[in-house]
Amino acid sequence: MTAPRVLSVASEVFPLVKTGGLADVTGALPGALAAEGIEMRTLLPGYPGVIAALKKPKAVHSYADLSGGPARILAAQAGGLDVLVVEAPHLYDRPGTPYARPDGQDWPDNPIRFAALCRAAADIGTGALAGYRPDIVHAHDWQGGLAPAYLHYRGGPRPATVMTVHNLAFPGKAAPSLLENLGLPPQSFAIDGVEFYGAISLLKAGLQFADRITTVSPTYAAEIRTPAYGMGFEGLLRARAGVLSGILNGIDATIWNPATDNLLAHRYDLPSIAGRAANKTALQTRMGLIEAPDAPLFGVISRLTGQKGLDLLLDCLPTLLGLGGQLALLGAGDAMLEAGFRHAAAQAPGRVACVIGYDETLAHHIQAGIDALLVPSRFEPCGLTQLCALRYGAVPVVARVGGLADTVIDANPAALAAGAATGLQFAPVNADMLDATLHHAVALYRDPPTWRTLQANGMTADVSWTGPARHYAALYRTLAA
Ligand code: ADP
Ligand code: GLC
């Protein structure tokens, strides 16, 4: 059998456009799958930055009207990827993030904008392009959710479909009055269609109609079938449990490798781990922290939202500082959390430092310079920063949820005795448990041989895409057969 051709459909793809881990995943998958003999092309919207990055774009399809204006599908290379781009200036030629205006408000026509992306995916899937017809359409999150639904309702021969949930907290809601504008038939507005608590959910469209559903860790795949984590989709996900599975994310080992990372003050690897000390000093200097080599330096690299549990960290800062610790935080998001961390930094100069913003380079400096990375998420489908931390010898201190539970081995007495631990986990996710875990982390840090073992175990753990790519390849092969 020839290798299946897969069309990946996503609203963000690293290095072309990124707001979070979704882009890291969609950007890394094609390369990882190539090693498995899978040909993956990526369909994404033509935001200004994406159009500007296209090398030798070629129009391969055109629309007189795609959701309110003329549009084309461009085939090109960009950012090392083989992309198909929906060029529709009336939908995508806008300032701000892929989803929101510069003032932070979501574009009111987002359902229509991403429906157009999915319409293009369904057209490509059913043969609109000369010489390219995918065997599988793989949609990501709510922005891709309508692709499986369109292919379902069209009838006739169609590619197999996969829907990957990166975050169930974003249902992609639209008003029921948009049904026709979204190109959905009247009968689709029903419990066994796209209806979701009186509205339309683009994510539900994908969950309902995709041949397979995946999410980004086995634990999250189990959690989302329960009311505590299911965000209202748990009934549907329980009904579809037979086609639902979890495949862990990896990280791009060429971008995240402390031995070759040109962004670092000092490159290092496990045998030269002493070189981390210079990165710690460099980070302390850069962030205005006291240059104390022996102070346990905790780091955070995160969107600042309720999901990430960083309000708990604000509650625990007195403990962290009382233990002689320092905090280096990089993040942006909720105004309240931004203000909270700014205030904390002003209260404890030299010991708490925060950079409010988005900075890929600083993220590398933090991973190489901190002693421990904090990820106290209330829920976490997979999480990528803890994987980078493992690779960089920063010990992850994480909530025991979702992908964090699956990727960190907790330093409990049994795992310590077996020499297997890679970090610390805590549950339930509340300030008391985080407090206790900070105490435990600092105690382990003050025991250098044990700490070194945690670092070594983490640095040698396989966090690459090799294993996950094999799982996706197997899934595609099953579906194509
Ligand atoms: P999520 O997708 O929920 O935000 P992940 O851990 O899966 O969480 O992915 C987050 C990605 O975004 C990682 O690559 C992380 O390094 C990066 N990131 C998050 N916040 C920032 C920031 N403020 N500056 C730079 N990179 C960030
Ligand atoms: C989402 C999740 C995160 C996951 C990422 C990539 O943004 O919040 O846990 O790692 O998608 O799959």
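Residues numbered from 1 in each chain as written. Chains lettered and ligands numbered in written order. Predicted model: local features only at pLDDT ≥ 70, side-chain atom pairs only at ≥ 80, totals over all residues. Heavy atoms only, no water.

K.L.:
A description of the site of ligand 2 should follow, citing residues and the corresponding values.
P.N.:
The environment of ligand 2 is made up of 14 residues, and the closest members are His 166, Asn 249, Glu 380, Cys 382 and Gly 383. Separating an oxygen atom of ligand 2 from a side-chain N or O atom of Asn 167 is a distance of 3.4 Å. Within the side chain of Asn 249, an N or O atom sits 2.9 Å from an oxygen atom of ligand 2. Notes on ligand 2: free accessible area 310 Å², of which the protein chains cover 93%. For the shell around ligand 2, the element with the highest residue contribution is helix H1 (residues 21-34), accounting for three residues. The residue makeup of the shell around ligand 2, split by class, is six nonpolar, six polar and two charged. (Near = heavy atom within 4 Å. Polar contact = N/O pair within 3.5 Å; in protein donor to acceptor, adjacent residues only side chain to side chain. Areas by Shrake-Rupley, 256 points an atom, 1.4 Å probe, with all protein chains shown as cover. Helix = DSSP H or I, 4+ residues; strand = E, 2+ residues; numbered from the N terminus. Nonpolar A, V, L, I, M, F, W, Y, C, P; charged D, E, K, R; others polar.)

K.L.:
Account for the packing of aromatic side chains, with residues named and values stated.
P.N.:
Applying the stated criterion to the full structure yields nine aromatic pairs. With centroids separated by 6.0 Å and ring planes inclined at 75°, the aromatic side chains of Tyr 47 and Tyr 92 adopt a geometry described as edge-to-face. With a gap of 45 residues between them, Tyr 47 in the loop between strand E2 (39-45) and helix H2 (48-53) and Tyr 92 in helix H3 (residues 89-92) connect regions that are remote in the sequence. Take Tyr 47 and Tyr 92: they sit in the same class, and that class is buried. Where Phe 114 meets Trp 142, the ring centres are 5.4 Å apart and the plane angle is 80°; that geometry is what we call edge-to-face. Of this pair, Phe 114 sits in helix H4 (residues 110-125) while Trp 142 sits in helix H5 (residues 141-144), placing them 28 residues apart in sequence. Connected via pairs of aromatic rings, a cluster forms that spans Tyr 99, Phe 114 and Trp 142. Against the face of Tyr 132 rests Arg 41, its NZ or CZ located 4.5 Å from the ring centre. The ring of Trp 107 has Arg 94 lying over it, and the distance from NZ or CZ to the ring centre is 4.7 Å. (Phe/Tyr/Trp six-rings, centres within 6.5 Å; stacked < 30°, edge-to-face > 60°. Buried < 20%, exposed > 50% of the residue type's maximum accessible area, 1.4 Å probe, protein only. Lys NZ or Arg CZ within 6 Å of the ring centre and 35° of its normal.)

K.L.:
Tell me about the environment of His 138, and name the residues and values.
P.N.:
Residue position: His 138 is located in strand E6 (residues 136-140). Take His 138: its relative accessible area is 0%, and that puts it in the buried class. For His 138 and Val 83, which are 55 residues apart along the polypeptide, the C-alpha to C-alpha distance reads 14 Å. Apart from residues no more than four positions distant in its own chain, His 138 is found in contact with Val 6, Leu 7, Ser 8, Val 9, Met 40, Val 162, Thr 164, Tyr 472 and Tyr 476. A distance of 2.6 Å separates a polar atom in the side chain of His 138 from a polar atom in the side chain of Thr 164. (Contact = heavy atoms within 4.5 Å.)

K.L.:
Please set out unusual backbone geometry residue by residue, giving values where relevant.
P.N.:
Keep in mind that most residues, glycine aside, have a negative phi and that most peptide bonds are trans. Geometrically, the link from Phe 14 to Pro 15 is a cis peptide bond, its omega value of 5° lying close to zero. With respect to the helices, strands and loops of the structure, Pro 15 is situated in the loop between strand E1 (5-9) and H1. The omega torsion across Ala 427 and Pro 428 is -5°, close enough to zero to call that bond cis. The residue Pro 428 is located in the loop between strand E18 (424-426) and helix H18 (431-445) in this model.

K.L.:
Break down the pairing of E6 for me, citing the residues and quoting the values.
P.N.:
Most of E6 is tucked away: five of the five residues are buried. Judged from the five bridges that link them, E6 and strand E7 (residues 160-165) form a sheet pairing that is parallel. Residue pairing across strands places Ala 139 opposite Met 163, the latter belonging to E7. (Pairing = 2+ DSSP bridges.)

K.L.:
Before we move on, could you go through the pattern of salt bridges and cite the residues and values that matter?
P.N.:
In a structure, side chains of opposite charge can pair up when their charged atoms sit close to one another. Tallied over the entire structure, the rule returns 17 salt bridges. Lys 18 is paired through a salt bridge with Glu 360; the nearest N and O atoms lie 3.2 Å apart. Note that Lys 18 is positioned in the loop between E1 and H1 and Glu 360 in helix H14 (residues 360-369), a separation of 342 residues in sequence. Take Glu 360: its relative accessible area is 28%, and that puts it in the partly exposed class. Notably, a salt bridge pairs Arg 158 with Asp 211, separated by 3.0 Å at the nearest N-O pair. Highlighted residues: Arg 158 in the loop between helix H6 (146-154) and E7 and Asp 211 in the loop between helix H7 (202-209) and strand E11 (212-215), separated in sequence by 53 residues. Among the residues examined, Arg 158 registers a relative accessible area of 32% and is labelled partly exposed. Sharing partners across several salt bridges, the network here consists of Lys 18, Asp 24 and Glu 360. (Salt bridge = Lys/Arg side-chain N within 4 Å of Asp/Glu carboxyl O.)

K.L.:
Go over the site of ligand 1 with me, naming the residues and quoting the values.
P.N.:
Taken together, 17 residues sit near ligand 1, with Gly 21, Asp 24, Arg 303, Lys 308 and Gly 357 positioned nearest. Gly 357 is positioned with one of its backbone polar atoms (N or O) 2.8 Å from a nitrogen atom of ligand 1. Here an oxygen atom of ligand 1 sits 2.8 Å away from a polar atom, N or O, in the main chain of Leu 384. Protein contact buries 92% of the 570 Å² of open area that ligand 1 shows by itself. Sorting the residues of the shell around ligand 1 by element identifies H1, strand E13 (297-304) and strand E14 (326-333) as the ones contributing at least two each.

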